[in-house]
Each structure stands twice: as structure tokens, then as C-alpha cells.
Amino acid sequence: QSARSGFFPSFSASTAATRSRAASRGGPDPDAATAYRAAISAAWEVDVWGRVRRQLESSSASAEASRADLEAVRLSLQSELAINYFQLRVTDQQKQLLDDTVAAYRRSLDLTTNRYNVGVAAKGDVVQAQAQLRSTEAQALDLGVTRAQLEHAIATLIGKAPSTFSLAQKPFTLKMPRMPLGMPSTLLERRPDIAAAERRVTAANAQVGVAMAAY
């Protein structure tokens, strides 16, 4: 809008008031005098050499580049959200696997303890079974912390308080789409960062025109 205003005339006005009193020796003080001034001026640049037009072109391209930067940030946040969601679902699968493993190791520990009580198994077998169980339980706890961190990250990315947001655990059944082997190079033009770079090139080229018009 600022660059587009160069096509139109500009006006300015000013007013001023001055109050003065001349000093005199031995006589009465003279009356004070007040002077008022008002001025108005107008200017209009005829865009003969295209300076204003190229400046508008540069400003428009810069605005489009800023818009593309905003889209790049939005795309980055959306990508981060998708990555966190997929990692959370993978963590759910790992957690389910560890929970099943913990249940199996607990049954194995009970069986080994019963065998030890009747004198069939050695004390070392019981200790080994306990170590396996405790190690797997610790891994399950670590995965629980990781899942909570991913859940909090998702809540932050969608603008919700982590304390009021939760995702229920469920199987990972999402199938990723198949990407064709050959993709047209024109798809690169849809990337916001490449679009922003292209518009900045246009803005810089327009600034060259502004400089030439000044010459």
C-alpha cells in the first residue's frame, strides 16, 4: 500500500503562530504582536521512467515472499505434528509388545520359582528370571515416559494445554500412500521455501529497475 501510494499526489499543510513584544527604554511596554502563518503544498511525481511501478512490483513480490515464508512455517509445524503422531502410535505398538513380554516373563518367574521350591531348578535360574522381568518392566516405564512427551508435544502443536489433552492407545493401522516413482519437477514449485526464493529474485530484479530509473 505504501508503494502504491506513489501513484497519487501528496499534500502537506502547516500552521504556526508567533507572539512577540519589543523592548523599549524608559517608556511603557508596547503592545504584543502576534503573527500567524499557514502553508499548504502539493507534489506529484509523474512516473515517466517507471520508478514507482518497479517499486510497487518489488514490494508486491516481497509481500508474496513473506506469505510463502508463513506457509513454510505452517508446513513445518504440520510435518512435526505428523511425525510426533506416528511416533506415538509406534510407541503404542512397542508398549503393547513390552506389556505382553512382561506378562510372559512374570509367568516364567512364577514357574521357575515353583520349580526352585520343589528342588528342580537352581537359585540362579530364579535370579535370572527376576532380572529379565525387572529389565523389561523398566523398558516399559521408559516407553511410557516417551509416550507422555509425544502426547504433550502434539497438544502444544494443536494449541491445547497438555493437562487437558490425551490420546487413547490403539493399534497402528494407518497405511501410508504409495508415491509414484516418477514425479514432475513442477511439484518443486509448490514448496513454500522455493516459492519464497523465486519471489525474492523477482523483488531484487525490480529493485534493479528502480535504480536504473533513478539514473
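Please refer to the structure placed before this passage.
Cut-offs and rules
- Residues numbered from 1 in each chain as written.
- Predicted model: local features only at pLDDT ≥ 70, side-chain atom pairs only at ≥ 80, totals over all residues.
- Heavy atoms only, no water.
- Helix = DSSP H or I, 4+ residues; strand = E, 2+ residues; numbered from the N terminus.
- Expected span 1.5 Å × (residues − 1).
- Buried < 20%, exposed > 50% of the residue type's maximum accessible area, 1.4 Å probe, protein only.
- Contact = heavy atoms within 4.5 Å.
- Axes fitted to C-alpha atoms, helices over the stretch in contact; angles between N-to-C directions.
- Parallel < 35°, antiparallel > 145°, perpendicular 65-115°, else oblique.
- Left-handed = near helix turned anticlockwise from the far one by under 90°.
- Nonpolar A, V, L, I, M, F, W, Y, C, P; charged D, E, K, R; others polar.
- Salt bridge = Lys/Arg side-chain N within 4 Å of Asp/Glu carboxyl O.

Points about helix 2 (residues 123–157)
The terminal C-alpha atoms of helix 2, which comprises 35 residues, lie 52 Å apart, in line with the 51 Å expected from a rise of 1.5 Å per residue. Among the residues of helix 2, V126, A129, L133, T136, A140, L143, R147, L150, E151, I154 and A155 are the ones counted as buried. In this structure, the buried residues of helix 2 make contact with helix 1 (51–117). Positive backbone phi, at 80°, marks G159, one or two positions downstream of helix 2.

What to know about the packing of helix 1 against helix 3 (residues 192–214)
Direction vectors running N to C along helix 1 and helix 3 enclose 165°, while the axes themselves pass 8 Å from each other. Taken as axis vectors, helix 1 and helix 3 run roughly antiparallel relative to one another. Considering the relative orientation of helix 1 and helix 3, their crossing is left-handed. Class assignment for the residues of the contact of helix 1 with helix 3 results in 12 nonpolar, 7 polar and 9 charged.

Brief notes about the pattern of salt bridges
As enumerated under the stated definition, the model contains 14 salt bridges in all. Among the ionic pairs, R147 bridges to E151, the shortest N-O distance being 3.3 Å. With R147 and E151 both in helix 2, this residue pair falls 4 residues apart, about one helical turn. According to the relative accessible area criterion, R147 is buried, its value standing at 15%. Judged by its relative accessible area of 12%, E151 is buried. Each of R89, D92, R147 and E151 takes part in one network of salt bridges that share partners.

So, the side chain of T202
Structurally, the position occupied by T202 is in helix 3. Apart from residues no more than four positions distant in its own chain, T202 is found in contact with E57 and A61.

So, the packing of helix 1 against helix 2
Contact geometry of helix 1 with helix 2 gives a least axis separation of 8 Å together with a crossing angle of 160°. By the criterion of interaxial angle, the relationship of helix 1 to helix 2 is roughly antiparallel. Of the two possible hands of crossing, helix 1 and helix 2 adopt the one that is left-handed. A breakdown of the residues in the contact of helix 1 with helix 2 according to their chemical character gives 18 nonpolar, 12 polar and 11 charged.

Quick word on the environment of S5
You can see S5 is positioned in the segment before strand 1 (10–20). In this structure the C-alpha to C-alpha distance between S5 and K175, which are 170 residues apart in sequence, comes to 54 Å.

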